[in-house]
Amino acid sequence: MSDFLLRRAHLVELGAGPGWTGPVDLLVEGGLVREVGRDLERPAGIEEVDAEGRWLIPGLWDAHTHLKMWTATSGRVDMVGTRSVDEALSRLRGRLATSPGQPVVGYGHRPITWPTQPTVAALDEVAPDVPVVLVSGDAHHGWLNSRALAAFGLATREDVVPESEWYGAYRRIFEIAGDETSPEAYVRTLTDAAAKGVVGVVDLEYGEGLDAWPERLARGADVLRVRRGVYADALEHTIAAGLRTGDPLVEGQHLLTMGPLKIISDGSLNTRTAWCEQPYADGSGSGAPNQTPDELRALMARATEHGLHTAIHAIGDAACHDALSAYAETGARGSLEHAQLMTRPDVTRMAALGVRASVQPAHLLDDRDVTEIIWPDRADRCFPLRWMVDDDVTMALGSDAPVSALDPWLAISAAVHRSADDREAWHPEQELTPREALAASVDGQGSVHAGMPADLVLLDADPLDTSGDTAEQARRLRSMPVAATVVAGRIVHGDIVGSP
Ligand SMILES: [Zn+2]
């Protein structure tokens, strides 16, 4: 179904002006929202779908993903946070039940604090017939069953495979896991994202040729919109191909367009390499840029000259400052990726320059504790989302999957309530309202309106329900029920059906 009339939807107000009160109808034709209004006439031959008063928002975007890595890791059984052998086995049973007869690769257990240690026998009891490989959370050992040990030619044993033997086997994990990044695996990843209301992603995967996505789409992974970024090593090739940001990569594949040139201008928090104005509190220096100021400007100017936007990874405040100066000097258009630590004046400058903040609020949940150790004197300037909204910086939320899960509701809820546990929110003065966080997740569309692409999401609950405290609001947002997702007029998730 690509053309349809949607009846009785509540438009979630994400724009500036007063929206519709009460449910309205929507005519979707040729991949666009043609008309919004009450009691619209149904054109002949067009199906009708009843929204039954559900809430309608523009489709959600993830502005920063590494889709190949996410696809490879998200197909594995998630063992993160398991607290015992039994808990790990119960997750394994879950996978065996949904994919019977299939080999299992899992990731993320950390058994140091478990009451009993993992054994081969425990896995054999649950999975005697298929190979099972569980990669530990620090990747330093493998917990394998007898089938998997035999498949790798490893000696039988009672315990896990230790580091010395494990590295050799880990390199051959594809022999068990199969191609974890096949087009079929991408379809699963993209369909999972669609079930969360995602209609598009910016894919900043490193080291993939320009033809990878067109091939993947031709082989069936044409579920969502993809904007494909490139790195400096592919810049000249991209220019030679005449591709500008926003162009379709291949004629006829309208879901796939050229994204930005990505430049990783500094390091990261956890490796103490993010480039800062002041030294880290643990004596590990101030971080450093990955290139000279001249190199950064040369790349940005070259991209700009050929119609490519830029996405500048900048985490430390010195990196953000220099990248903004580079935007000012080169006239480049684009974003700061992460913008994790900024000074107040630089946020204001960012708004004035029209540089977009491509931010990943879920990272604050993970980085909170280490920040208090190495940047205790500047924690109030980390993830400065409130300053950005107050200054009218254009903001786009994302996940940096696989760093955090490709789940916009996780990002939205972290922006609304800055805590992942029972602790008080971390610098709640930087929190956003549900409306602000959601508006930063819809690719700048605002409220659903006539003329926009028919990228739409129907929700079973009101996402702007602000009853209760922010912790409660975040909990509701985190588990927001998505009834249907529409990409370019095509229903890619949900079982709402039309009547002819
Ligand atoms: Zn990234």
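To be clear, the structure that these remarks concern was listed above.
Quick caveat: nothing in here was measured; it's all calculated off a predicted structure.

What counts as what
- Residues numbered from 1 in each chain as written.
- Predicted model: local features only at pLDDT ≥ 70, side-chain atom pairs only at ≥ 80, totals over all residues.
- Heavy atoms only, no water.
- Helix = DSSP H or I, 4+ residues; strand = E, 2+ residues; numbered from the N terminus.
- Buried < 20%, exposed > 50% of the residue type's maximum accessible area, 1.4 Å probe, protein only.
- Contact = heavy atoms within 4.5 Å.
- Areas by Shrake-Rupley, 256 points an atom, 1.4 Å probe, with all protein chains shown as cover.
- Lys, Arg positive; Asp, Glu negative; His and termini not counted.
- Charge placed at Lys NZ, Arg CZ, Asp CG, Glu CD.
- Pairing = 2+ DSSP bridges.
- Right-handed = clockwise from strand over helix to strand, strands pointing away.
- Phe/Tyr/Trp six-rings, centres within 6.5 Å; stacked < 30°, edge-to-face > 60°.
- Polar contact = N/O pair within 3.5 Å; in protein donor to acceptor, adjacent residues only side chain to side chain.
- Expected span 1.5 Å × (residues − 1).
- Arc of directions from axis to C-beta.
- Axes fitted to C-alpha atoms, helices over the stretch in contact; angles between N-to-C directions.

S.K.: Summarise the overall build of the protein; cite the residues concerned and give the values.
M.R.: Counting its regular elements, the protein contains 17 helices and 20 strands. Residue burial in the protein is summarised as follows: out of 500 residues, 54% are buried. For the protein, restricting intrachain contacts to residue pairs at least 6 apart in sequence, the fraction spanning at least 24 positions comes to 72%. In the form shown here, the protein has an accessible surface area of approximately 20,900 Å², with 52% of it arising from carbon and sulfur atoms. For the protein, the centre of its 44 positive side-chain charges and the centre of its 74 negative side-chain charges are spaced 1 Å apart.

S.K.: Quick rundown of the pairing of strand β16 (residues 356–359)? Include the residues and the values.
M.R.: Where strand β15 (residues 334–338) and β16 come together, three bridges link them in parallel fashion. Within β16, the residue paired with serine 335 across the bridge is arginine 356. Viewed along the sheet, the connection from β15 through helix α12 (residues 344–353) into β16 turns out right-handed. Relative to strand β17 (residues 395–397), β16 runs parallel, the two being bridged by three bridges.

S.K.: Break down the packing of aromatic side chains for me, citing the residues and quoting the values.
M.R.: In this description, a pair of aromatic rings is defined by centroid distance and the angle of the planes. Using the criterion set out here, one finds five aromatic pairs in the structure. Ring geometry for tyrosine 206 against tyrosine 231: centres 4.8 Å apart, planes inclined by 80°, an arrangement best described as edge-to-face. Placement of the pair is tyrosine 206 in the loop between β11 (198–203) and α8 (212–218) and tyrosine 231 in strand β12 (residues 225–231), with a sequence separation of 25 residues. A relative accessible area of 52% means that tyrosine 206 is categorised as exposed. Ring geometry for tyrosine 280 against tryptophan 375: centres 5.8 Å apart, planes inclined by 50°, an arrangement best described as tilted. Residue tyrosine 280 is found in the loop between β13 (256–264) and α10 (293–305), and its partner tryptophan 375 is found in the loop between α13 (362–374) and α14 (385–390); the two are separated by 95 residues along the sequence. On the basis of relative accessible area, tyrosine 280 is assigned to the buried category, the value being 3%. Residue tryptophan 375 is classed as buried on the basis of its relative accessible area of 0%.

S.K.: Could you give me a rundown of the side chain of arginine 216, with the residues and numbers involved?
M.R.: Residue position: arginine 216 is located in helix α8. Here tyrosine 186 takes part through its side chain, which lies 3.5 Å from a polar atom of the side chain of arginine 216.

S.K.: Help me get a handle on the pairing of strand β1 (residues 4–11), residues and values and all.
M.R.: With respect to burial, β1 is a largely interior element, six of its eight residues being buried. Inspection of the sheet shows β1 paired to strand β4 (residues 47–50) by four bridges, in the parallel sense. Within β4, the residue paired with leucine 5 across the bridge is glutamate 48. Both β1 and strand β2 (residues 24–29) contribute to a ladder of four bridges, which runs antiparallel. Residue pairing in the sheet places alanine 9 in a bridge with valine 24 of β2. As defined by bridge partners, β1 adjoins strand β5 (residues 55–58) across two bridges and the pair is classed as parallel. Within the sheet, the bridge partner assigned to histidine 10 lies in β5 and is tryptophan 55.

S.K.: So, helix α2 (residues 85–98): which residues are in play, and what are the values?
M.R.: Taking 1.5 Å of rise per residue, the 14 residues of α2 would be expected to cover 20 Å, and the 20 Å separating its terminal C-alpha atoms lies within 8% of that figure. Among the residues of α2, those classed as buried are Val85, Ala88, Leu89, Leu92 and Leu96. Each buried residue of α2 sits inside an arc of 95° when the element is viewed along its axis, so together they form one side. Facing away from the buried side of α2 by over 90 degrees, the exposed positions are Asp86, Ala97 and Thr98. In the core, the buried residues of α2 are packed alongside β8 (104–109), α3 (120–126), β9 (132–136) and β10 (142–144).

S.K.: Residue-level account of the sheet that holds β15, with values.
M.R.: Taken together, eight strands build an open sheet; the order of strands is β6-β11-β12-β13-β14-β15-β16-β17 and the sheet is parallel. Only two strands of the sheet have a single partner each, and these edge strands are β6 (60–65) and β17. Across this sheet, the average inter-strand angle for adjacent strands is 25°, counted without regard to direction. α10 contacts β13 and β14 (310–314) of the sheet and is inclined by roughly 165° relative to β13.

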